[in-house]
Amino acid sequence: MGGYLISAASWRWIFFINVPFAAAVVVALGARLVPESRDLIVTGKIDHAGALAAVVFLTGITFAFIEAPTLGWSSSAVLTMTLAGVAGLAAFLARERRAAAPMLPLSIFRERQFAATNAVTFIVYAALAGATFLLPVVLQVVSGYSPLASPGWRCCR
């Protein structure tokens, strides 16, 4: 489906394939498997400041990684957003250290198994993202397949 959309329209359309499917699956499974619950003894508040700092961090860093190849790492927009992202990360970490009900209690990273599991997960997903990006590039640019003819299973027959 992705190859067809790239050939027929634009590569941007491939991102819309998953939206209706994912929404339907989430609604169906959620209605069936997630019971309604309320915990009447929970007294924690929502960490709005931590959430805002996380949004600033993720937005700044994401913008920088997306726009740096086009604008250049030394462009004012990329530098500004990178600095905003770094400031957001610093604010998030400072807030989570002192918040009464943090979004992410930093103390859980002191547990060796939790920290190691997160490190391994990061490495695995980084490798998976790299392979997911490079496989279509190799099939289309190096091997000369069209977007429609380059699904990964075709290269292995």
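Please read all numbers here as calculations on a predicted model, not as lab measurements.

Calculation rules
Residues numbered from 1 in each chain as written. Predicted model: local features only at pLDDT ≥ 70, side-chain atom pairs only at ≥ 80, totals over all residues. Heavy atoms only, no water. Helix = DSSP H or I, 4+ residues; strand = E, 2+ residues; numbered from the N terminus. Rg over C-alpha atoms; globule rule 2.2 N^0.38 Å. Buried < 20%, exposed > 50% of the residue type's maximum accessible area, 1.4 Å probe, protein only. Contact = heavy atoms within 4.5 Å. Areas by Shrake-Rupley, 256 points an atom, 1.4 Å probe, with all protein chains shown as cover. Phe/Tyr/Trp six-rings, centres within 6.5 Å; stacked < 30°, edge-to-face > 60°. Salt bridge = Lys/Arg side-chain N within 4 Å of Asp/Glu carboxyl O. Polar contact = N/O pair within 3.5 Å; in protein donor to acceptor, adjacent residues only side chain to side chain. Axes fitted to C-alpha atoms, helices over the stretch in contact; angles between N-to-C directions. Parallel < 35°, antiparallel > 145°, perpendicular 65-115°, else oblique. Left-handed = near helix turned anticlockwise from the far one by under 90°. Nonpolar A, V, L, I, M, F, W, Y, C, P; charged D, E, K, R; others polar.

### Some remarks on the overall build of the chain
So, point 1. In terms of regular secondary structure, the chain is built from five helices and zero strands.
So, point 2. Taken from N to C terminus, the helices and strands of the chain fall in the order α-α-α-α-α.
So, point 3. The C-alpha radius of gyration computed for the chain amounts to 21 Å, which surpasses the reference 15 Å derived for 157 residues by more than 25%, pointing to a less compact arrangement than a globule.
So, point 4. Split into buried and exposed, the 157 residues of the chain put 11% on the buried side.
So, point 5. The long-range share in the chain, meaning contacts at least 24 apart out of those at least 6 apart in sequence, stands at 42%.
So, point 6. Of the roughly 12,300 Å² that the chain leaves accessible, carbon and sulfur atoms contribute 70%.

### A closer look at the packing of aromatic side chains
Centre distance and the angle of the planes are the two values used to describe a pair of aromatic rings.
So, point 1. In this structure the tally under the stated criterion is two aromatic pairs.
So, point 2. Measuring from ring centre to ring centre gives 5.9 Å for Phe 65 and Trp 73, while their planes differ by 85°; the resulting arrangement is edge-to-face.
So, point 3. Under the relative-accessibility criterion, Phe 65 is labelled exposed at 56%.
So, point 4. Using a relative accessible area of 49% as the deciding quantity, one classes Trp 73 as partly exposed.
So, point 5. Judged by centre distance (5.2 Å) and plane angle (70°), the ring pair of Phe 109 and Phe 114 falls under edge-to-face.

### Considering the environment of Val 137
So, point 1. Inspection of the secondary structure assignment puts Val 137 in helix α5 (residues 112–142).
So, point 2. In this structure Val 137 comes out as partly exposed when scored by relative accessible area, which is 33%.
So, point 3. Put simply, Val 137 and Ala 51 are 86 residues apart on the chain and 36 Å apart in space, counted from C-alpha to C-alpha.

### Observations regarding the pattern of salt bridges
So, point 1. Under the definition given, this model contains one salt bridge.
So, point 2. Linking Arg 95 and Asp 47 is a salt bridge whose minimum nitrogen-to-oxygen distance equals 2.8 Å. Residue Arg 95 is found in helix α4 (residues 76–98), and its partner Asp 47 is found in the loop between α2 (18–33) and α3 (48–71); the two are separated by 48 residues along the sequence.
So, point 3. Of the residues examined, Asp 47 reaches a relative accessible area of 4% and is grouped as buried.

### Brief notes about the side chain of Asp 47
So, point 1. Reaching out from Asp 47, the side chain makes a polar contact with the side chain of Arg 95 at a distance of 2.8 Å.
So, point 2. When sequence neighbours within four positions are dropped, the list of residues in contact with Asp 47 reads Arg 95, Glu 96, Ala 99, Ala 101, Pro 102 and Met 103.

### Concerning the packing of α3 against α4
So, point 1. In the contact formed by α3 and α4, the axes pass within 7 Å of each other and the chain directions differ by 155°. In terms of axis orientation, α3 runs roughly antiparallel to α4. In this structure, the crossing between α3 and α4 has a hand that is left-handed.
So, point 2. Its residues assigned to classes, the contact of α3 with α4 comprises 18 nonpolar, six polar and three charged.

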